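Secondary and tertiary structure notes
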Amino acid sequence: MFNLDDLNTQQRSAVSHINGPLLLLAGAGSGKTRVITCRIAHLLQQGIPARQILAVTFTNKAAREMRERVHEMVGKAPQGMVIATFHALCLQILKSHIDRLGFKKNFSIYPAADQQRLVRELLRNLNSDSTQADADQVLWRISAAKNRMITADDYQAEPRDPLSALTAEVYPRYQKALKAYNAVDFDDLLVFSVQLLQRHADLLDHYRERFRYQMVDEYQDTNPVQYQLLKLLAGGHGNLCVVGDDDQSIYAFRGADVGNILDFEKDFPGAKVIKLEQNYRSTGHILAAANAVIGHNDKRREKVLWTDRGEGAKVRYLLAEDSEDEARLIVEQIHAQQYRSKLRYGDFAILYRTNTQSRAFEEQLRYDNIPYVLIGGQQFYDRKEVRDVIAYLRTIQNPADEVSLLRILNYPKRGIGEGSIDKIIRYSAEHEISLWKVLQKVAQLDEGVNERTAAAIADFVAFIKRFQQRFKQPLFLLDSLRELLEELKLGDEIYRQEKDPQVARRRVDNQNEILNSLAIYIERTAQPNLRGFLERISLADDEGPTKNDKESLLKVDAVTLMSLHSSKGLEFPIVFLAGMEEGFLPHKKSIYETFDIAEERRLCYVGITRAQQQLFLLGARQRRKYGKLEQREPSRFLSEIPEHIVHTEDSSEPGPESPELAAQSASNFFSNMSRMFGD
DNA sequence: ACTCATGATATTTTT
DNA sequence: TATCATGAGT
């Protein structure tokens, strides 16, 4: 059980608040998660049934963490309580009621890669000269529209905006195609749930009653659909507790609306507001820098973080010559810091604005034999070889999923040529019969394709049907997948295609990794089935060994490289915030196009507040950009930090031998020694 | 069907 | 400059 005495005054008053709307403005590192879990424990202690409690987060990781911490605190698994991401919650709602929107209940969730394929396809059918970029843009616009609850029917093209005209063409077709595939995309999960609640009073009543106590984490990141959903669910009782920090709102580009958190009291009259300003993470100088920077934003909830931990080290600004030099300086500091205090590699993080910046750091770290983990970039389930296997599973689960079906129809090659596939697609379109039905028909009626192809198709259909039966038996899920992989011999195919045997090996390993995640899924699920597994994968809620989160970082002890965006919520003893230059932070797009410098400043603030003991800010004098050498200016945010808390060092003027340099060369010596002796 | 060359493009991305 | 996707060519 928890102890109220361990909390500060503000935390305690938040925890003991029970009825009515509550806005908890939780500054960075103010013990937010602790307050949320304590509040849940407190609600339970007050006799509120677990099943009336709903806690919504944005990431699976956050949901998992919350669940675990509640578990620890109350000593048993939180039975009946729903702790889920927005998307997982909506998936639950749709699973029970999507038939009211004309979908079948075995609908599938369309992954991003398939969305792209579909839009590309639709564009090709519409106009001859459309690029990859157009497809991405259109998809982006569709998503943005959905975030604002604009349906395909309502979507209006902006005048003099060719892309929105294109979107207006594609959006309805895209929606129609999804429906034909009995599939929904990520955004639909939310939009459809809201529509269900709006149109069906019985459902609304049901869920309001079911979730009498609601909490939302990272409220500053909610977009209009999510806001609608909450507004609907909390209507009536108004027991909505939202937690967030407007200063850490960094997802406007994805439709998040800071207005939601700024206007909370207007939306939910009588709301109580509590600020958490005591920071338990960073030392004083770091917080002073953070406060100074974020203080330059207007339209915000004034918060001043403070700590009782003392000033700590000054922030250090290292000015490098170029990007390679910047990476070298970081490695130097890693060695120096390790020499001075006992630090693991896992205590260091390198943060940057854009993912492309990671390269220089990767190269330098590899050169110095320093282990690192790169967060972001290509995700496990986005890899081609993994998607191939998933496509099989999806086809088995829902043969109406035509993108998956087409992906595997002739992979590995089984003698169904492009010409035949074209014929089948055309037949399916003309007669409005699903591809899967046509395939079955071709097998029986020998329609329009030659005998050998027909035989191949018949084999394929039989193959899928056989595995449909196999996968229906929950006890043999793992065996079925193993058999599937064996029979397909995809491994051989990969070895044939990939000339670098090392790469081939990794790709085959990746495929086998799916077996591991299935095994983990089965272990942790009461009634495992193929559908459930695919859902988890779609929601990226996977606990497989490739999991890229803090726990696995701790295990491998490596320096962390990630974008500022993905760093939110994490903390590290030593943080390097690289690329503190005009054009990077603030990013040049924000300077010249979106004019949203405030969001860039928040991003900078997020970066600064990740540091516990020492913060390094780095920038380069010049950088190669698209081949050209470009002069760079220090970020304007640097000048917003008071001079007396920053120590500036210019790499082109080394000055007298500094203690760091001495320490660093000694440290290099030791690390080389230990490398030589294999320790 | 695989390789190679060309040309477009280079912000962040919790699900 | 480096990377990616696409299309021509073998």
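Reading guide: rules and limits
- Residues numbered from 1 in each chain as written.
- Chains lettered and ligands numbered in written order.
- Predicted model: local features only at pLDDT ≥ 70, side-chain atom pairs only at ≥ 80, totals over all residues.
- Heavy atoms only, no water.
- Domains from an automatic or database assignment.
- Contact = heavy atoms within 4.5 Å.
- Buried area = accessible area lost by both parts, 1.4 Å probe.
- Polar contact = N/O pair within 3.5 Å; in protein donor to acceptor, adjacent residues only side chain to side chain.
- Helix = DSSP H or I, 4+ residues; strand = E, 2+ residues; numbered from the N terminus.
- Nonpolar A, V, L, I, M, F, W, Y, C, P; charged D, E, K, R; others polar.
- pLDDT = per-residue confidence, 0-100.

1. Details of the domain arrangement of chain A
The assigned domain composition of chain A is domain 1 (4–94 + 190–276), domain 2 (108–181), domain 3 (288–379 + 545–676) and domain 4 (382–536). Centre-to-centre separation of domain 1 and domain 2, based on C-alpha positions: 32 Å. Taken together, the 12 residues of domain 1 in the interface contact 8 residues of domain 2. The junction of domain 1 with domain 2 conceals about 700 Å² of combined surface from both sides, 72% of it contributed by carbon and sulfur atoms. Here domain 1 is connected to domain 2 by 1 residue pair in polar contact (both at pLDDT 80 or more). Elements with a minimum of two residues in the side of domain 1 that touches domain 2: α8 (186–199) and α10 (224–234). The dominant element in the side of domain 1 that touches domain 2, judged by the number of residues it contributes, is α8, at 5 residues. Taken together, the residues of the side of domain 1 that touches domain 2 sort by class into 7 nonpolar, 4 polar and 1 charged.

2. Focus on unusual backbone geometry
Cis geometry marks the peptide bond from Leu585 to Pro586, where omega comes out at 0 degrees. In this fold, Pro586 is placed in the loop between β13 (572–577) and α27 (588–594). Although it is not a glycine, Asn369 adopts a positive phi angle of roughly 55 degrees. For Lys489, which is not glycine, the phi dihedral falls at a positive 50 degrees. Relative to the elements of secondary structure, Lys489 occurs in the loop between α21 (477–488) and α22 (490–497).

3. As for the confidence of the model for chain A
When the pLDDT values of chain A are averaged, the result is 86; 91% of them are 70 or greater. Mean pLDDT values for the elements of chain A range from 46 in helix α29 (residues 659–676) up to 96 in β13. Taken as a whole, residues 544–554 scores under 50 in pLDDT and shows 21 contacts with residues more than four places along the chain or in a different chain. Here residues 661–667 is modelled with pLDDT under 50, and outside its nearest four sequence neighbours on either side it reaches 9 contacts, counting other chains as well.

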